[in-house]
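This is what each chain is made of:
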Amino acid sequence: MSSLRFDHAGRGWRAAPTAPLALFAALFVALLLPAASARAMDRTKGDPPSPAGQDLVVIDEPKLLAAGIRKLEGRHLTLYTDLPASPEVDALCRVFDAAFPQWCRYFGVLGANDAWRMRGFLIADRERFRKLGLLPPQLPPFANGYSLGDILWLYEQPSDYYRRHLLLHEGTHGFVRAFFGERAPPWYNEGIAELLGTHRWDGNTLTLAYTPRSSDEVPMWGRVKIVRDAVREGRGLRLEQVLAFGPTAHREIEPYGWCWAWTALLDGDPRFRDRFRALPGYLNRPDFTQQFERLYAADWRLLQWEWLLFTHNIEYGYSFEAEALDLRPGVPLPSAGAAYSVAAHRGWQNTGYRLEAGKTYRLTAQGRYTVCRQGGDWISEPDGVTIRYHRGRPLGMLLAAVDSPDVPPDPSRGFLDPVAVGSACQWSPPVSGTLFLRINDSPAELSDNSGAATVFIRPVE
């Protein structure tokens, strides 16, 4: 029997200064809620414990087969379904088996016993499964999928992709439950399942935690649409609201979109990733929230701005690396002014210079750069190209914003309410702070840009 241990090496155990944050208060409530069942685990053993809930379902295979239920068998999953045979359905156990070593690597579980497995029910005719005792009345209401102990339930879905997504989502829950217990707050519990359920499968190779490049890759998934529609309708959530999701929030579909977005940011941005992947080490401890707070306390304002930028500009293929902010405060602008080169392939760029509220500055820009390669190179200058617009302004137009550390991140100012500079403008910033510049383009389409604009900044006497 192999041993089980958490891999601390390379997992980013970075000690940020401990600073209590009031916004985490709501999370303590979630952590104090009793677990769905008592499943204490001896972490020195390779075999996960027998999970509670296993007696809810009694499987009489001859009876199931006589009722038209098929049995699909894999190394880590036994799946019972009333769906007819098809390549996509019959590959589900293979998909699940391909996920197991990735779950082990992602969560740092070394030496996990290969005997771990789940049982599942993929259901087209709900009444048939109820009559067979496979949908017990003790289950809470669920729209698409649910898991308890080592059992998962999935209702049939209108796309092959979303069926696999739900299987991997519930499988992630089962894995975390078996090896780490159930202390995680809802945002992490559902967010990590959404993150690792979002995948790419080509029929042979599975990739978990995949960032979709288009809606065509993830039919019926809809997480980007959930966030984008809510923001457009003025219902965007701040981080504090996502962190405060309660144990019943995910009976609705929208919280899944928000929890995916939050975990996608933490896992997708290289500056936050190691700390996020260190969190499983705290999952079976009562101080999970305090440890999360400690790890990110020094970067909380940066996270708030990155969250607002992501959720207000969300697109398939959003590049966290290209949009990464540098919020270090700038130095005073020299009296003679200064120049800065704005790269076309990056998001907001810190010029390193501080502007003062109440003063007027003249910004002039020059240069030619590529903003698209569709059907050939699209060459832009700082006024942009009017053949295409992004967020109401010409693609490639030079934009400016000022960030003040004394002003809380807000979607109505700063990076989300930029000034159109173009080739020249005079501007009196509303607050004192560091000057940021960028060219106008989608965060999902910066990778094919090249070149730069040179911007001259000088005070107006």
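Fair warning: this is a prediction, and the values are worked out from it, not measured in the lab.

A. Spatial organisation of the pattern of salt bridges. For the structure on display, the rule yields 30 salt bridges. The residue arginine 275 makes a salt bridge to aspartate 299 at a minimum N-O spacing of 2.9 Å. With arginine 275 in helix 11 (residues 270–278) and aspartate 299 in the loop between helix 12 (288–296) and helix 13 (300–312), the pair connects residues that are 24 residues apart, well separated along the chain. Residue arginine 275 is classed as buried on the basis of its relative accessible area, which comes to 6%.

B. Just unusual backbone geometry, in detail. Unlike most non-glycine residues, alanine 209 shows phi in positive territory, near 55°. With phi around 75°, methionine 220 is a residue other than glycine that occupies positive phi space. Relative to the assigned elements, methionine 220 resides in the loop between strand 9 (206–208) and helix 8 (223–232).

C. Inspection of the confidence of the model for the chain at higher detail. Averaged over all residues, the pLDDT of the chain equals 88, while 88% of them reach at least 70. With pLDDT under 50 throughout, residues 1–51 is counted as low confidence; its partners more than four residues away or in other chains account for 120 contacts.

D. Structural detail: the sheet that holds strand 12 (residues 349–355). Across the sheet, which stays open at both edges, the 5 strands sit in the order 10-12-21-18-19 with mixed pairing between neighbours. Looking at which strands have only one partner, the edges of the open sheet turn out to be strand 10 (331–332) and strand 19 (419–420). Bridge count for strand 18 (residues 398–403) against strand 21 (residues 433–439) is 6 bridges, and the pairing is antiparallel. Counterpart to leucine 398 in the pairing with strand 21 is isoleucine 439.

E. Representation of helix 10 (residues 254–268) in the model. For helix 10, with 15 residues, the first-to-last C-alpha span of 21 Å sits near the 21 Å given by 1.5 Å per residue. The buried fraction of helix 10 amounts to 14 of the 15 residues, a majority that puts the element mostly inside the structure.

F. Molecular detail of the side chain of aspartate 267. Tracing the chain through its elements places aspartate 267 in helix 10. Reaching out from aspartate 267, the side chain makes a polar contact with the side chain of tyrosine 106 at a distance of 2.7 Å. The contact partners of aspartate 267, leaving out residues within four places of it in the chain, are Tyr106, Leu195, Ala209, Arg273, Phe276 and Arg277.

Rules of the game
- Residues numbered from 1 in each chain as written.
- Predicted model: local features only at pLDDT ≥ 70, side-chain atom pairs only at ≥ 80, totals over all residues.
- Heavy atoms only, no water.
- Salt bridge = Lys/Arg side-chain N within 4 Å of Asp/Glu carboxyl O.
- Helix = DSSP H or I, 4+ residues; strand = E, 2+ residues; numbered from the N terminus.
- Buried < 20%, exposed > 50% of the residue type's maximum accessible area, 1.4 Å probe, protein only.
- pLDDT = per-residue confidence, 0-100.
- Contact = heavy atoms within 4.5 Å.
- Pairing = 2+ DSSP bridges.
- Expected span 1.5 Å × (residues − 1).
- Polar contact = N/O pair within 3.5 Å; in protein donor to acceptor, adjacent residues only side chain to side chain.

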